[in-house]
Amino acid sequence: MLGDSANAALLGDITHTTLGGLATVLPASKAEVHNKDADLQTELTNLQAKNANLKAEVAALTAGHAEVQAVIKTVIQQVNKITPGYDGTNGLNGNNGTTGPAGSTGQSGTTGNTGSTGLTGETGGTGLTGGTGLKGTTGGTGTTGGTGTTGGTGGTGGTGTTGGTGTTGGTGGTGLKGSTGGTGSTGGTGAMGRTGQTGASGLTGLTGNTGSTGLTGAKPVTRFGLTNTPQTFIAPTAGNYLFIVAGAQGGTIPFFNVPGGLGATVEATVFLQQGAVVPIIVAGQGATVGPNGDSGGGGLSAVYTNGVGALPTIVAGGGGGGSFFVTSGGQSSSACTDLLTPPAGGASGGGSATPGTAGHGGNGGSSNGGGGGTVSTSTTDYQGGSGESYSPAPSMAGGNGGYGGGGGSGAFTGLGGGGGAGYRGGIGAGSTLNGAGAGTSFLNGSLSGKCTDLAGNSGNGYVTVTPQ
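Residues numbered from 1 in each chain as written. Predicted model: local features only at pLDDT ≥ 70, side-chain atom pairs only at ≥ 80, totals over all residues. Heavy atoms only, no water.

- Identification of the protein as G8609 protein from Coccomyxa viridis is taken from an unreviewed UniProt entry.

**What to know about the packing of aromatic side chains**
Describing an aromatic ring pair means giving the distance of the ring centres and the angle of the ring planes.
Then, in step 1: Applying the stated criterion across every chain, the model contains 6 aromatic pairs.
Then, in step 2: Centre to centre, the rings of Phe255 and Phe256 are 4.8 Å apart; their planes meet at 80°, and the pair counts as edge-to-face.
Then, in step 3: On the basis of relative accessible area, Phe256 is assigned to the partly exposed category, the value being 40%.
Then, in step 4: Here a set of aromatic residues connected by ring pairs shows up, and it is made of Phe255, Phe256, Phe324 and Phe325. (Phe/Tyr/Trp six-rings, centres within 6.5 Å; stacked < 30°, edge-to-face > 60°. Buried < 20%, exposed > 50% of the residue type's maximum accessible area, 1.4 Å probe, protein only.)

**A look at the pairing of strand E2 (residues 231–234)**
Then, in step 1: Of the two faces of E2, only the one carrying Gln231 and Phe233 is buried; Thr232 and Ile234 on the other face are not.
Then, in step 2: In this structure, E2 lies alongside strand E5 (residues 277–281), joined through 4 bridges in antiparallel fashion. Paired with Thr232 across the strands is Pro279, a residue of E5. (Helix = DSSP H or I, 4+ residues; strand = E, 2+ residues; numbered from the N terminus. Pairing = 2+ DSSP bridges.)

**Some words on the sheet that holds strand E3 (residues 239–246)**
Then, in step 1: Spatially, 5 strands are ordered E1-E11-E3-E4-E10 in an open sheet, and the strand pairing comes out antiparallel. Each edge of the open sheet carries a strand with a single partner, namely strand E1 (222–224) and strand E10 (448–450). Across the sheet, the mean angle from the axis of one strand to that of its neighbour is 15°, orientation sign disregarded. (Axes fitted to C-alpha atoms, helices over the stretch in contact; angles between N-to-C directions.)

**Remarks on the state of the cysteines**
Then, in step 1: Counted according to the given criterion, the structure contains 1 disulfide.
Then, in step 2: Sulfur-sulfur distance for the disulfide between Cys336 and Cys451 comes to 1.8 Å. Disulfide Cys336-Cys451: the torsion about the S-S bond is 90°, which places it as right-handed. Here Cys451 lies in the loop between E10 and strand E11 (462–467) and Cys336 lies in strand E8 (residues 336–337), a separation of 115 residues in the sequence.
Then, in step 3: Assessed through its relative accessible area of 31%, Cys336 is described here as partly exposed.
Then, in step 4: Judged by its relative accessible area of 13%, Cys451 falls in the buried class. (Disulfide = S-S within 2.5 Å.)

**Some thoughts on the pairing of E5**
Then, in step 1: Of all 5 residues making up E5, 4 are buried, and the element is well covered by its neighbours.
Then, in step 2: The pairing of E5 with strand E6 (residues 301–303) spans 2 bridges and is antiparallel. Within E6, the position partnered with Ile281 by the bridge is Ala302.

As structure tokens, this is what we get:
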């Protein structure tokens, strides 16, 4: 701080300096100088503090710069290590060479084997019922007839004529008073005009034809043919099923047109639970032989709706086998055995021929036919009887019975056709000219159906099952 005298001297010197223009901005009093000096001291202190801060920031930046420099140096070293050619390492790989010419086409491969035949498609579903036909549009209302015109008013009738004056009576008597002339008749009322005709009613629109009922989808039919083994039907749903069962025809002798007897046909409706298993036997035709032999009897067809272990509930008998000398052929199966009669095998025609048994046809022998077999509680028992052999002339040997228990036939004599199998087996032919007997059919009393009066069956037997 300066003294007052020094300040005055300084002020005088400054006033006369060559910076004369500055004299106008300098403080002229001691107080102002004192205040200005304090302000400058404060500003200097602030500047010194800022300078210290700046130095600290510069030091920090310098330290950070050193760290950045170290990081950059490390990165450069790592880049150099992976750069080809650095520090004597291998250089960059050259460009890939051009593609070589295409190789020649290989020889054609051999043709693959033909694929196996695809599985048979499932039976088509039931056809959809046809929709009801559209209703025809209603005819428009007929137009109302116009109102008839009113008839004109009839004209007024003319005035009646006045009656003439009566003549004067003779003297003494008063002449009769002349009758009053009749009143002129009133003119008739004019006829009323005809009422206008009512307009004809509009024709009622024709009712649209009802659409024809769609064809009912065919019900799926399961058919079982001859396989010479037991077969099985499994009910897909619970409900009634129609079984049609046909026995087999007896063997024929085509050379002389001698027919075998026809097998029977039986039908019955059975209620089955879903998943019910029904064993089935399908009959085979008796064997056909040469011109001089006799033929085997036809087998029976059977359905076991009560399962294996019980007797079948539906049986269709087989026809008798044809015999050489019996031109009428074997007998056809047409009889139905009632529930009270037990099953039985047919008797043989005689000699060494054997009778039929449960599931087995009898064998032919001594020129006689074997008896037809009967039913069994087991589906694995069924087989036809053997025909009699004749080694000197094989064409004169007997034919075997059909699967299902047909009897085998005799040989040589031409009289020994085998009996047909059935609930009661047919009798084998022997010395008579009646032909081999046919087996009978059977329908369990708990089932509804027909055991007789149906057409006979030729050839092998069959069984069909149709849901109802």
